[in-house]
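Residue-level structure breakdown
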Amino acid sequence: MALDYKKLQSGISSLKQTDPRRIFTTLKRDTGKFKRPSDEQGDVLDNWFAKRDRADNTLKMNTGSGKTVVGLLCLQSSLNEGVAPAVYVAPDNYLVKQVVAEAAALGISVTENEHDPGFIAGTSILVINIKKLVNGRSVFGVARDGVKISIGSLVIDDAHACLATVAEQFRIGLTATHPAYLPLLELFRHDLASQSASGFLDVQSADPRIAMVVPYWAWKDKQASVLGILHPLRQDDTLQWPWRLVENVLPLCQCAFGGGRLEIAPRFIPIDNIPAFRNAKRRIYMTATLADDGILVSHFQADPKEVADPIRPKGGGDIGDRMILAPQEINPQITTDEIKALMALAAQHVNVSVIVPSRARAEYWRDIAQQTLTADNMEAGTDRLRAGHVGLTVFVNKYDGVDLPGKACEIMVIDGLPEVYGLLERIEQEAIDGTRRQLLRQVQRIEQGMGRGVRSSQDHCVVVLVGSRLTSRLHNQDARAMFSPATRAQLDLGREVTSQLKGQPIGEIAKVMGDCLNARDDWLDLSRSAVVNADPGKPSNVEESVVALRSAFDSARLGRFDLAEKAVQSVIDKTAEKNNRGYLMQQRAEYLHHLDPVRAQETQLAAVQANMAMVRPIKGIGYRKLDVPKDGQAAAAVAFMQRFLEKNELVIWVNALKEALAWGEENSGRFEIAMRDLGLFLGFGSQQPEKEVGKGPDNLWAVGGLKYFVIECKSGATQAPAISKHDCNQLTGSMTWFSAQYDNTCSATPVMVHPRTNHEFAATLHPDTRIIERDRLARLLGALTDYAAALGQNNGFADAKTVATQQHHFGLTPSEFLARYTVKPLK
C-alpha cells in the first residue's frame, strides 16, 4: 500500500529551520562537494546565529575557507526566519557567477533578476554585483525617491573589494571636454592660482603631473555658482550616475583639477542615499583581509561597536601554505632584473602572477609576460590560468577580487607599493605621507594581493615581494603588526628563513622556494605549525579617529558644524604625528568655516605649519629662508643617517630612494619628495618651496658657502622632444624668486631634471642652467649605490671623517656634484 506522507508530515513541526548548521543538513546538495561544514565554517555560523539580530555583522574568514557557503547559509537562515528579501552582493559579475554556481551545488535557490517573484516572496536569494545596488539610478531607490525594492537581509561579500567601487559611485568625474569643466575651472581660477600660479598654469595645460584641490572656503562660498553650472547638466550621460548620490552633500565635497579632468567627492560616503541598504535589518560584511576595519564605518556607515566585535573562526589553521620572501631584504644587492630573470625561468614550469601598481610598471615585465590583464580582459585571462599552464601573467593594479586556486598561481609577485590614481586620492596620499594612516592602507592592499594565490587550506603559493620601497616599508615593525594574524605568522616565518639566507645570491633563494612548490614535508610542518600557533591578535582594528571623523561628517550633514569641529578636535588632541595633525586640522577648519571664517583661517595656518601639503590660507604663509647645516656637509649627513642601525637598513633606504628617482608622469610628485630627501641625505639644507609656500622652485638645496641649487624637476616629461618654453620660463622665474628672497651675498645655480638637454626654438634657458638628464641621473644613482655600500662597511655612516672622504670620492660635494652629474644644455 502507498504511504500517506501528508499524515506523516502533520506530526512533524512545520516551522522552518533557522539554525544555519541544521539548514545545511536539509539541503539537496552535491554531497561530493559539500559533506558537512568545516570547523571554521561551523565556528562562524554558530557565532553569527547568536548575534544575527545585530544590524551590522562582520565575518572574518581567511581566503579559501568557504565564505560563500557561509554567506548563503546566513541568508537562507534569515529567509526562513522571515527577514526578507535577501540579497547577496559580490564585487563583480565574475564572482556573481561563482556564487550562483556555488548556490546550485549547495541546493539553495538564487536568482539574478530583482523582479523574480521568488526573490520578492522571500523564497530565493538575489545575487548581484555591487554596482547594481549602489549607483545614482539604483533600481532599489536613491535618496529622496525612497525605497523601491526593500532588503531584509544583505551580504556584502569581499567587502574590501566592494569598497573602491562604492567610493567610485559617489564621485563626480568630468573630463575637459565636458560642458561643465571650463566654467568650473574659470569659477575657481583665482582660488587655484593663489595656491600656486605655476600649478594653475599646469592645470590649464592639462599637465597629467599636477593635481590641485580647490580651497574649501572657495568651494563652500561659491556653491550657488557650482550648482548653477552642474544642475542643468544633471541628466547627461556622465552626471546622471553620481549626481543623485552627492547632490545633498555637495557643500561638504572636495573638488580637484588636474590632467585635463576634475573630481568632486565627499570625504565620507553618504550610503544612506541608498535607503534600501541603510534600512536593511541585517547587513553582513564578509572579508578575508581588512587591516582597516574602520573603512566599513567610513564607507558603509556601519555601527563601530559592532564592527569592533567581528565574528571569526578559532585559530588560523584555515589558510593555505604561503612562503613569503623579500629577496631584497635578504640581500639588498639583489637587483630587480635578477628577480625578473628568476621568475621567467620559474614560469616555464608553473604559473607566475605579478601584480604591478601601474600600466607603466607593467611595461617592465612585458617582454617575459604571456598575458597582461586589466579590467577589460581580466575574466578571459583568469579563465586561462585556471584551465592550465600559461606562464607569467601581469595584473595591473588588481590586488583583490581575483581567485587563482591551485596551479592557477603557484608564485605570486607583488612588485612595488600600491599606487592611487584619482586626483583626490593623490592629494590625500601626499597629505598623509609617512603616517600610520597611509601605512595601514598600503598594508591592506598588499595583504589582499598576497591572498590571490591561496584559495583553500590545501593550496600553496610562494609570495615574492619586489621593490626597495615595498621592502623598506615592510621592514617597519609597525607595518608587520597591521597584517592579519595568519599572514603575520607567515611573514615572520619568511623572515626567519631569510635570516639563514642573509647575503646569499638569488640562486639560493630559488632553492628554498622549491621547498614550498614541491611541498617538502619539513617545510609544510614548519609552515602549518607557525599558522596554527599564531597569536590570534586583535579581533578588529577600528581606528578611533575614523569613528570620530565619520561622526563629524554626519553632524555636518545635519548642519551641526559646532559638533563636527569639536569631534575633529577630539581626534587632534590624541594625535602625535605632525603630518597627521595638520591633515586633521584642515578638516576641522573646513567645518569651522561654516561657523567662523576667521577662526577657520587661523586653524588653517596651524595646519600648514604642521603639514606643508595642506591648502595655504587666504593670506598665505611667509617663506622661511633655508640655511646650510651649521656643522658642515659631512656632519649633517651623519646626523641624518642616525636613523639606520646597520648596513642593510642604509642600503634598503637608498635603494628605495633610487626607486623614487625614476622617470615617468605618475612618479613626478614622489620624485620631488625624493630630491628633497636626497639633499638631506647628502648633508645639504633641503626644501620644497613651491609645495610649501606656492612660489619658487620644486626643490632648493643650500650647499654651503652661501651657495644654493635652484632645482626644477621635470621627470614626467618623458614624451617631450625638447625642454618646453613653459619649463624654461619656470626655471627662470624660480631664479627671479630666489633673488627676491636672498640678498646678493648668496648665489644660486639653476638645475633642471629633464630627460632632454635641448630646448624648443622659441624657448630661452637661464644662461647658467645645468641639466640632470637620463645618463647623468643614471650615473648619480649608480654613485649612490656605491656610496651607500662604502659607508656600510664597519658602520662608516656614523663617522663624519669617513663620510667626508666618501663624499669626495664619489663626487657628492657641491662642486663635484655639478661637474659629474649635470651637463650644460645644448644650444
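Right above here is the structure, for reference.
So, a few notes on the structure that sits alongside this text. (Residues numbered from 1 in each chain as written. Predicted model: local features only at pLDDT ≥ 70, side-chain atom pairs only at ≥ 80, totals over all residues. Heavy atoms only, no water.)

1. Some details on the overall build of the chain
Along the chain, the regular secondary structure elements total 40 helices and 21 strands. The C-alpha atoms of the chain give a radius of gyration of 29 Å, which matches the 28 Å a tight globule of 827 residues would have. Expressed along its principal axes, the backbone C-alpha trace of the chain runs to roughly 115 × 65 × 50 Å. Buried residues in the chain amount to 59% of all 827 residues. Excluding contacts between residues fewer than 6 apart, the proportion of contacts in the chain whose partners are at least 24 apart in sequence is 74%. The average position of the 96 basic charges and that of the 96 acidic charges among the side chains of the chain differ by 2 Å. (Helix = DSSP H or I, 4+ residues; strand = E, 2+ residues; numbered from the N terminus. Rg over C-alpha atoms; globule rule 2.2 N^0.38 Å. Buried < 20%, exposed > 50% of the residue type's maximum accessible area, 1.4 Å probe, protein only. Contact = heavy atoms within 4.5 Å. Lys, Arg positive; Asp, Glu negative; His and termini not counted. Charge placed at Lys NZ, Arg CZ, Asp CG, Glu CD.)

2. Notes on the pattern of salt bridges
With the rule as written, the count across this model stands at 42 salt bridges. In this structure, the salt-bridge partner of Lys 60 is Asp 293, at a minimum N-O distance of 3.0 Å. Linking Lys 60 in strand β1 (residues 56–60) with Asp 293 in the loop between β10 (282–287) and α16 (294–300), this pair joins segments that are 233 residues apart in sequence. The two residues Lys 60 and Asp 293 agree in class, both being buried. The partner of Asp 522 in a salt bridge is Arg 520, and the shortest N-O contact between them spans 3.3 Å. Residues joined by salt bridges that share partners form a network here, namely Arg 52, Asp 53, Glu 81 and Arg 282. (Salt bridge = Lys/Arg side-chain N within 4 Å of Asp/Glu carboxyl O.)

3. As for the packing of aromatic side chains
Per the counting criterion, the structure on display carries 26 aromatic pairs. A ring pair is formed by Tyr 285 and Phe 300, whose centres lie 5.4 Å apart and whose planes are at 15°; its orientation type is stacked. Note that Tyr 285 is positioned in strand β10 and Phe 300 in helix α16, a separation of 15 residues in sequence. In this structure Tyr 285 comes out as buried when scored by relative accessible area, which is 0%. In this structure Phe 300 comes out as buried when scored by relative accessible area, which is 0%. Here a set of aromatic residues connected by ring pairs shows up, and it is made of Phe 640, Phe 644, Trp 653, Phe 681, Tyr 787, Phe 797 and Phe 810. The lysine or arginine in question, Arg 361, covers the ring of Tyr 364, its NZ or CZ lying 4.1 Å from the ring centre. Above the face of the Trp 663 ring, Arg 774 is positioned so that its terminal group lies 5.4 Å from the ring centre. (Phe/Tyr/Trp six-rings, centres within 6.5 Å; stacked < 30°, edge-to-face > 60°. Lys NZ or Arg CZ within 6 Å of the ring centre and 35° of its normal.)

4. Remarks on the side chain of Thr 487
Of note, Thr 487 is situated in helix α26 (residues 485–501). What Thr 487 contacts, discounting residues up to four positions off in sequence, is Arg 322, Ile 324, Glu 447 and Met 450.

5. A few points about the packing of helix α34 (residues 647–660) against helix α38 (residues 774–792)
Two numbers describe how α34 lies on α38: the axes approach to 9 Å, and their chain directions differ by 170°. Comparing the axis directions of α34 and α38 gives the class roughly antiparallel. Contact residues: Lys 647, Leu 650, Val 651, Val 654, Leu 657 and Lys 658 in α34; Leu 781, Leu 784, Thr 785, Ala 788, Ala 789, Leu 791 and Gly 792 in α38. Taken together, the residues that form the contact of α34 with α38 break down as nine nonpolar, two polar and two charged. (Axes fitted to C-alpha atoms, helices over the stretch in contact; angles between N-to-C directions. Parallel < 35°, antiparallel > 145°, perpendicular 65-115°, else oblique. Nonpolar A, V, L, I, M, F, W, Y, C, P; charged D, E, K, R; others polar.)

6. Points about the packing of helix α4 (residues 67–81) against helix α5 (residues 93–106)
Put simply, α4 and α5 touch, their axes get as near as 10 Å, and they point 70° apart. If you check the angle between α4 and α5, you find them roughly perpendicular. For α4 against α5, the interelement crossing comes out right-handed. Residues Thr 68, Val 69 and Leu 72 of α4 pack against Val 99, Glu 102, Ala 103 and Leu 106 of α5. Grouping the constituent residues of the contact of α4 with α5 by class yields five nonpolar, one polar and one charged. (Left-handed = near helix turned anticlockwise from the far one by under 90°.)

7. Observations concerning the sheet that holds strand β7 (residues 212–213)
An order of β6-β9-β8-β7 is seen for the four strands of this open sheet, with the pairing classed as antiparallel. Edge positions in the open sheet fall to β6 (172–175) and β7, since each of these has one partner strand only. Pairing geometry for β7 and strand β8 (residues 253–258), over two bridges, is antiparallel. Looking at the pairing, Val 213 lines up with Ala 256 of β8. (Pairing = 2+ DSSP bridges.)

8. What to know about the pairing of strand β18 (residues 699–704)
Of all six residues that make up β18, six are buried, and the element is covered over most of its length. Taken together, the five bridges between β18 and strand β19 (residues 707–713) define a ladder with antiparallel strand orientation. When the sheet's bridge partners are listed, Asn 699 is paired in β19 with Ile 711. What sits between the antiparallel neighbours β18 and β19 is a turn of two residues, in which Gly 705 has the positive phi angle 65°.

9. Overview of the environment of Val 532
Mapped onto the fold, Val 532 is located in helix α28 (residues 521–532). Judged by relative accessible area, which is 54%, Val 532 ranks as exposed.

10. Details of the sheet that holds strand β3 (residues 110–111)
Pairing in this open sheet of six strands is parallel, and the strands run β1-β10-β5-β2-β4-β3 from one edge to the other. The outermost strands of the open sheet, each flanked by one partner alone, are β1 and β3. Here β3 pairs with strand β4 (residues 125–129) via two bridges, running parallel. Across the sheet, Thr 111 pairs through a bridge with Leu 126, a residue of β4. This element, α5, spans β2 (86–90), β3 and β4 of the sheet and lies at about 155° to β4. Its contacts with the sheet place helix α8 (residues 159–169) against β2, β5 (153–156) and β10, and it is angled at close to 110° to β10.

11. What about the nonpolar core?
In terms of nonpolar packing, the biggest core is built from 97 residues, with Leu 133, Ile 156, Leu 230 and Phe 257 touching the most fellow members. Judged by nonpolar contacts, the second largest core, of 43 residues, contains Ala 674, Leu 784, Val 803 and Leu 818. (Core = buried A, V, L, I, M, F, W, Y, C linked by side-chain atoms within 4.5 Å.)

12. Describing helix α37 (residues 725–741)
Here α37 spans 24 Å end to end across 17 residues, near enough to the 24 Å set by a 1.5 Å rise per residue. The inward-facing, buried residues of α37 abut α11 (197–204), α36 (689–693), β18, β19 and β20 (747–753). (Expected span 1.5 Å × (residues − 1).)

13. What about α5?
For an α-helix the count is 3.6 residues per turn, leaving residues at separations of three or four pointing the same way. Relative to the 20 Å expected for 14 residues at 1.5 Å per residue, α5 spans 20 Å between its end C-alpha atoms, a close match to the ideal helical length. Within the sequence span of α5, burial applies to Tyr 94, Leu 95, Val 96, Val 99, Glu 102, Ala 103, Ala 105 and Leu 106. Structurally, α5 contributes buried residues whose contacts are with α2 (20–26), α4, β2, β3, β4 and α21 (378–387). The N-cap residue of α5 is Asp 92: its side-chain oxygen and the backbone nitrogen of Tyr 94 are 3.2 Å apart. Gly 107 sits one or two positions beyond α5 and adopts a positive phi of about 90°. (Polar contact = N/O pair within 3.5 Å; in protein donor to acceptor, adjacent residues only side chain to side chain.)

14. Brief notes about the pairing of strand β16 (residues 460–466)
Within a regular strand, the side chains alternate between the two sheet faces. Of all seven residues that make up β16, seven are buried, and the element is covered over most of its length. Burial along β16 is two-sided: His 460, Val 462, Val 464 and Val 466 facing one way and Cys 461, Val 463 and Leu 465 facing the other are all buried. Where strand β11 (residues 321–325) lies against β16, five bridges are found, and the strand directions are parallel. In the sheet register, Arg 322 faces β16, and the bridge partner there is Cys 461.

15. Considering the state of the cysteines
A complete count under the given rule lists zero disulfides for this structure. Considering cysteine sulfurs only, Cys 409 is the nearest to Cys 461, which forms no disulfide, with 4.2 Å between them. Not engaged in a disulfide, the cysteine Cys 713 finds its nearest cysteine sulfur in Cys 728; these two sulfurs lie 15 Å apart. (Disulfide = S-S within 2.5 Å.)

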